[in-house]
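Notes for the structure review
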Amino acid sequence: MKRLFILLFSCGFLLMGSSVPAAEKSAEQKKEEELPYKNLSVFMESLMLLRAKYVDTGKISYENLLRAAMRGMMQELDPFSSYEEPDAFKNTMEDSMGKFPGIGVVITSRDDALEIVSVMEDGPAAKSGLRSGDIILEINGKNTRMMFLDECVKMMKGPVGTKVKLKIYRRSNDTTKDVEIERAVIAVSSVKGTGCAADRIGYLRITQFTATTASDLDKALARLKKDKLDGLIIDLRNNPGGLLTAAIETVSRFIEKGKLVVSIEGRAEKTVCHNAVGCTKDLDLPIVVLINENSASAAEIFSACMQDYKRAILVGARSFGKGSVQVIIPLSDGGALRITTAKYYTPGRKEIHGRGVDPDIAVNTSPAGSMAIARHLSMRGDKVPLIRDGKYRDIQLERAIEILKGVTIFRQAEK
């Protein structure tokens, strides 16, 4: 029996799993399954007609036609299901190791456009000026509107030191520009910007949930607590997700052992519950979590869990809404099928997928403002971000500090 690789988020980190039993079939499903060959005969008829009559013989090999059909079949289901050709599947496995060759962007297909969800800090794309929300119109001169998502990813990855040309459209100023970016090894960072954003108000930014995030957080908190914190800001803006296990381990630092973090429910699977693990805890420190429209997947699981248990106040904008589980099944050609099989639910039974997580206190920014914040965070790297810098102003961070100062005053008044 083939083994299954379970992808529990949007960014390519994999966990091993086993196949699941088939669900009880309904009468309608059984009737549908009695007619597969009728439908397959139409497909084979089309295949042979293309082989016999299509003008460009270089495009009609059985391999090309069948792989194109598989890509189309998977793309029709949802934006996250796909067929990965052998090279793309190899890249997915490399991504799971935390390092991969590329330009350092997370992309998605939205409204028939290829949009950058987030730009990895210190990566080639960030250094070339790419920002979250940018639309990639062309890759090496090829229009992305006619391309599948996995094909776009494949074109942007490549050997270290080689270059890729992109045509970018930026909504905030309605401009288009050409960018040439040199590929490099992308090392996924974890916790950055540790320090005090204000007097006794700690700050740290989780750029992505990786295998080391929980331990990185422990080290960051140890440094921050030397300043006797009154509150902590955890910045998840532009965090595209990461390992589900990392999100569970990280949120476990702030909630009691055994409490439900997230449940997973699908058509053919029983509900799987993931609970907080035993670890060093901080159950009393006031926390604000910053989220925005580019906080996705594992970042949304962390945020929603903290919100449902009233362990943190969420500030910012509604998150991206990526809360589905993909199973990656290796195929005999060296490729794989990525199939959506289940959805995430928060401890309060809220569905994340397609809805996102709403902040407790909405502090929305204009597209230009969001771009400016993303650019500033990227440029600050390991330094604590600034609230104001000339015309630049981070109103979301500013509000988070105000809230924690208010909580501190309230607590002192209670004593």
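Anything mentioned here points back to the structure above.
Residues numbered from 1 in each chain as written. Predicted model: local features only at pLDDT ≥ 70, side-chain atom pairs only at ≥ 80, totals over all residues. Heavy atoms only, no water.

Per the stated rule, a full pass over the model turns up 2 aromatic pairs. Taking 5.9 Å as the distance between ring centres and 35 degrees as the angle between the ring planes, the aromatic pair formed by F209 and F302 counts as tilted. Of this pair, F209 sits in the loop between β13 (201-206) and α7 (213-224) while F302 sits in helix α9 (residues 298-308), and the two are 93 residues apart along the sequence. No difference in accessibility class separates F209 from F302, as the two residues are buried. Measuring from ring centre to ring centre gives 6.5 Å for F254 and F302, while their planes differ by 90 degrees; the resulting arrangement is edge-to-face. Of the two residues, F254 sits in the loop between α8 (244-251) and β15 (260-266) while F302 sits in helix α9, which places them 48 residues apart along the sequence. For F254, a relative accessible area of 1% translates into the label buried. Among the residues examined, F302 registers a relative accessible area of 0% and is labelled buried. (Phe/Tyr/Trp six-rings, centres within 6.5 Å; stacked < 30°, edge-to-face > 60°. Helix = DSSP H or I, 4+ residues; strand = E, 2+ residues; numbered from the N terminus. Buried < 20%, exposed > 50% of the residue type's maximum accessible area, 1.4 Å probe, protein only.)

Before going further, it helps to examine helix α11 (residues 395-414). Here α11 contains 20 residues, and its C-alpha end-to-end distance of 29 Å stays within 8% of the 28 Å for a straight helix at 1.5 Å per residue. Regarding α11, the residues found buried are Q396, L397, E398, A400, I401, I403, L404 and T408. (Expected span 1.5 Å × (residues − 1).)

With the rule as written, the count across this model stands at 25 salt bridges. A salt bridge links D282 to K225, with the shortest nitrogen-to-oxygen separation between them at 2.7 Å. Within this pair, whereas D282 is found in the loop between β16 (272-275) and β17 (287-291), its partner K225 is found in the loop between α7 and β14 (231-235), the two being separated by 57 residues in sequence. Salt-bridge contacts for K343 lead to E351; the nearest nitrogen and oxygen are separated by 3.2 Å. For K343, a relative accessible area of 33% translates into the label partly exposed. (Salt bridge = Lys/Arg side-chain N within 4 Å of Asp/Glu carboxyl O.)

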